[in-house]
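Report on the structure
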Amino acid sequence: MKTIYKITILLGLSALVTSCHDNSKPNYQYMPNMYEPVSYNTYSESDAFKNGKEGQLPVEGTINRGYEVYDYPNTPEALVAVKAADLKSPIDTLSTEDMDKAKGLFEIYCAICHGNGGNGQGKLVTQGKFLGVPSYKDRVINQGSIFHVQTYGLNSMGSYANQLNPHERWLVAAYVMKLKSEL
(Lines give C-alpha, C1' and ligand atoms only; values in the text may rest on other atoms or scores of the structure.)
Protein backbone atom coordinates (compact mmCIF):
# COMPACT_ATOMS: atom_id res chain seq x y z
CA MET A 1 0.00 0.00 0.00
CA LYS A 2 2.85 2.37 0.82
CA THR A 3 4.42 1.81 -2.59
CA ILE A 4 1.19 2.77 -4.37
CA TYR A 5 1.13 6.06 -2.45
CA LYS A 6 4.79 6.68 -3.25
CA ILE A 7 4.28 5.94 -6.96
CA THR A 8 1.18 8.15 -7.08
CA ILE A 9 2.97 11.04 -5.40
CA LEU A 10 5.99 10.62 -7.70
CA LEU A 11 3.80 10.58 -10.85
CA GLY A 12 1.82 13.57 -9.61
CA LEU A 13 4.97 15.61 -8.92
CA SER A 14 6.54 14.74 -12.29
CA ALA A 15 3.29 15.67 -14.10
CA LEU A 16 3.17 18.94 -12.18
CA VAL A 17 6.78 19.81 -13.00
CA THR A 18 6.55 18.94 -16.71
CA SER A 19 3.20 20.60 -17.30
CA CYS A 20 4.34 24.10 -16.28
CA HIS A 21 6.75 24.60 -19.17
CA ASP A 22 5.59 25.26 -22.73
CA ASN A 23 8.23 26.00 -25.38
CA SER A 24 5.68 27.01 -28.01
CA LYS A 25 4.34 29.91 -25.87
CA PRO A 26 7.20 31.76 -24.17
CA ASN A 27 6.52 34.39 -21.56
CA TYR A 28 6.32 37.98 -22.73
CA GLN A 29 8.97 40.48 -21.72
CA TYR A 30 8.18 44.10 -21.07
CA MET A 31 10.84 46.16 -22.91
CA PRO A 32 13.07 43.24 -23.91
CA ASN A 33 15.93 45.55 -24.91
CA MET A 34 16.48 46.30 -21.26
CA TYR A 35 16.98 42.61 -20.54
CA GLU A 36 18.81 41.65 -23.73
CA PRO A 37 20.80 44.70 -24.83
CA VAL A 38 22.65 44.86 -28.11
CA SER A 39 26.23 44.39 -27.09
CA TYR A 40 29.26 45.75 -28.86
CA ASN A 41 32.71 44.27 -28.56
CA THR A 42 35.57 46.59 -27.78
CA TYR A 43 37.28 47.92 -30.94
CA SER A 44 34.87 46.05 -33.20
CA GLU A 45 33.23 47.45 -36.30
CA SER A 46 29.88 49.06 -35.68
CA ASP A 47 27.27 50.88 -37.69
CA ALA A 48 26.78 53.29 -34.76
CA PHE A 49 29.55 55.55 -36.08
CA LYS A 50 29.82 57.53 -39.30
CA ASN A 51 32.62 55.57 -40.93
CA GLY A 52 31.48 52.24 -39.48
CA LYS A 53 34.85 51.31 -38.06
CA GLU A 54 35.89 53.58 -35.22
CA GLY A 55 34.45 56.05 -32.78
CA GLN A 56 34.37 59.73 -33.42
CA LEU A 57 37.44 61.67 -32.45
CA PRO A 58 37.26 64.96 -30.55
CA VAL A 59 37.49 68.19 -32.47
CA GLU A 60 41.03 69.42 -33.13
CA GLY A 61 42.29 71.66 -30.32
CA THR A 62 39.90 70.48 -27.60
CA ILE A 63 41.14 69.81 -24.09
CA ASN A 64 39.75 67.73 -21.26
CA ARG A 65 37.51 69.39 -18.72
CA GLY A 66 39.58 70.58 -15.78
CA TYR A 67 42.87 70.27 -17.68
CA GLU A 68 45.25 73.18 -17.25
CA VAL A 69 47.45 73.93 -20.23
CA TYR A 70 51.18 74.16 -19.51
CA ASP A 71 52.94 75.79 -22.45
CA TYR A 72 56.49 74.61 -21.83
CA PRO A 73 57.70 71.29 -23.32
CA ASN A 74 59.91 68.71 -21.65
CA THR A 75 63.27 70.00 -22.86
CA PRO A 76 66.35 71.48 -21.15
CA GLU A 77 65.83 74.69 -23.13
CA ALA A 78 62.30 74.99 -21.74
CA LEU A 79 63.66 74.71 -18.18
CA VAL A 80 66.09 77.55 -18.90
CA ALA A 81 63.22 79.56 -20.41
CA VAL A 82 61.05 78.95 -17.33
CA LYS A 83 63.85 80.14 -15.05
CA ALA A 84 64.43 83.20 -17.23
CA ALA A 85 60.71 84.02 -17.44
CA ASP A 86 60.46 83.81 -13.64
CA LEU A 87 57.14 82.00 -13.97
CA LYS A 88 54.93 82.79 -10.98
CA SER A 89 52.29 80.72 -9.24
CA PRO A 90 48.67 81.41 -10.21
CA ILE A 91 47.79 81.15 -6.50
CA ASP A 92 47.66 84.73 -5.23
CA THR A 93 47.95 84.30 -1.48
CA LEU A 94 48.67 81.21 0.51
CA SER A 95 46.76 80.67 3.72
CA THR A 96 48.12 78.73 6.66
CA GLU A 97 45.97 75.76 5.59
CA ASP A 98 47.60 75.89 2.14
CA MET A 99 51.07 75.94 3.66
CA ASP A 100 50.18 73.06 5.98
CA LYS A 101 48.92 71.08 2.98
CA ALA A 102 52.08 72.01 1.04
CA LYS A 103 54.24 70.86 3.94
CA GLY A 104 52.36 67.55 4.08
CA LEU A 105 52.72 67.01 0.34
CA PHE A 106 56.43 67.87 0.52
CA GLU A 107 56.96 65.40 3.35
CA ILE A 108 55.12 62.67 1.43
CA TYR A 109 56.70 63.08 -1.99
CA CYS A 110 59.91 65.10 -1.66
CA ALA A 111 61.43 64.75 1.83
CA ILE A 112 62.44 61.12 1.28
CA CYS A 113 65.23 62.41 -1.00
CA HIS A 114 65.52 66.18 -0.35
CA GLY A 115 65.10 66.01 3.45
CA ASN A 116 62.50 67.73 5.61
CA GLY A 117 64.52 70.95 5.62
CA GLY A 118 65.42 70.88 1.91
CA ASN A 119 69.10 70.29 2.66
CA GLY A 120 69.42 67.29 0.33
CA GLN A 121 69.84 64.83 3.21
CA GLY A 122 66.69 62.76 3.02
CA LYS A 123 66.41 59.19 4.27
CA LEU A 124 67.36 57.63 0.92
CA VAL A 125 70.44 59.87 0.69
CA THR A 126 71.62 59.13 4.22
CA GLN A 127 71.20 55.39 3.59
CA GLY A 128 73.26 55.65 0.39
CA LYS A 129 70.45 54.71 -2.00
CA PHE A 130 70.73 58.00 -3.95
CA LEU A 131 73.73 60.27 -4.14
CA GLY A 132 74.05 63.84 -5.32
CA VAL A 133 70.64 65.19 -4.27
CA PRO A 134 71.28 68.92 -4.08
CA SER A 135 70.40 71.26 -1.27
CA TYR A 136 67.96 74.01 -2.20
CA LYS A 137 70.42 76.51 -0.73
CA ASP A 138 72.93 75.85 -3.51
CA ARG A 139 70.43 75.92 -6.41
CA VAL A 140 69.31 78.78 -8.61
CA ILE A 141 65.58 78.04 -8.61
CA ASN A 142 62.29 79.86 -8.72
CA GLN A 143 58.67 78.72 -8.39
CA GLY A 144 58.33 78.16 -12.13
CA SER A 145 61.42 75.96 -12.37
CA ILE A 146 60.28 73.89 -9.38
CA PHE A 147 56.85 73.44 -10.98
CA HIS A 148 58.50 72.48 -14.30
CA VAL A 149 60.76 69.89 -12.65
CA GLN A 150 57.82 68.41 -10.72
CA THR A 151 55.81 68.22 -13.95
CA TYR A 152 58.47 66.57 -16.15
CA GLY A 153 61.22 65.39 -13.81
CA LEU A 154 64.94 66.09 -14.07
CA ASN A 155 67.92 63.72 -14.08
CA SER A 156 67.13 60.85 -11.69
CA MET A 157 64.03 62.59 -10.30
CA GLY A 158 60.90 61.40 -12.05
CA SER A 159 57.76 63.31 -12.88
CA TYR A 160 55.15 63.88 -10.18
CA ALA A 161 52.43 65.00 -12.60
CA ASN A 162 50.46 61.80 -11.95
CA GLN A 163 50.66 62.10 -8.16
CA LEU A 164 50.10 65.84 -7.79
CA ASN A 165 47.64 68.00 -9.68
CA PRO A 166 48.84 71.44 -10.89
CA HIS A 167 47.44 73.26 -7.84
CA GLU A 168 49.29 70.90 -5.49
CA ARG A 169 52.53 71.28 -7.48
CA TRP A 170 52.27 75.07 -7.13
CA LEU A 171 51.74 74.63 -3.39
CA VAL A 172 54.84 72.45 -3.12
CA ALA A 173 56.81 74.98 -5.20
CA ALA A 174 55.85 77.75 -2.78
CA TYR A 175 56.86 75.56 0.16
CA VAL A 176 60.24 74.77 -1.44
CA MET A 177 60.88 78.50 -1.88
CA LYS A 178 60.02 78.98 1.80
CA LEU A 179 62.53 76.24 2.73
CA LYS A 180 65.17 77.82 0.48
CA SER A 181 64.74 81.17 2.24
CA GLU A 182 65.21 79.44 5.64
CA LEU A 183 68.46 77.65 4.71
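Residues numbered from 1 in each chain as written. Predicted model: local features only at pLDDT ≥ 70, side-chain atom pairs only at ≥ 80, totals over all residues. Heavy atoms only, no water.

**Side note on unusual backbone geometry**
Heads up, the condition is: Labels follow the DSSP assignment, with helices taken as runs of H or I lasting at least four residues and strands as runs of E lasting at least two, numbered in each case from the N terminus. With a 1.4 Å probe rolled over the protein chains alone, any residue whose accessible area is under 20% of its type maximum counts as buried; one over 50% counts as exposed, and the rest are partly exposed.
With a phi angle near 50 degrees, aspartate 86 is a residue other than glycine that sits in the positive phi range. Topologically, aspartate 86 is positioned in the loop between helix H3 (76-85) and helix H4 (96-109). Taking the relative accessible area as the measure of exposure, aspartate 86 reaches 34% and is therefore partly exposed. The residue asparagine 155 is not glycine, and still its phi comes out positive at about 55 degrees. You can see asparagine 155 is positioned in the loop between helix H7 (143-152) and helix H8 (166-182).

**Side note on the layout of surface pockets**
To keep it simple, the criterion reads: Cavity means a closed set of points on a 1 Å grid over the protein atoms alone, one where a 1.4 Å probe fits but cannot get out, pocket means an open set with protein on both sides within 12 Å along at least 5 of 7 lines, and lining means a residue has an atom within 4 Å of a point. Grid points are joined across faces, edges and corners, and a volume is the space filled by probe spheres set on the points. Each residue is assigned to one of three groups, with Ala, Val, Leu, Ile, Met, Phe, Trp, Tyr, Cys and Pro labelled nonpolar, Asp, Glu, Lys and Arg labelled charged, and all others, Gly among them, labelled polar.
There is about 650 Å³ of room inside the largest pocket. Partitioned by chemical class, the residues of the lining of the largest pocket number 17 nonpolar, seven polar and two charged. Empty space within the second largest pocket amounts to approximately 290 Å³. Residue lining of the second largest pocket: 15 residues in total, with Glu68, Val69, Tyr70, Phe147 and Pro166 positioned closest to the centre. Ranked by residue count, the leading element in the lining of the second largest pocket is H8, at three residues.

Spatial relationships are all this shows, so hold off on functional conclusions.
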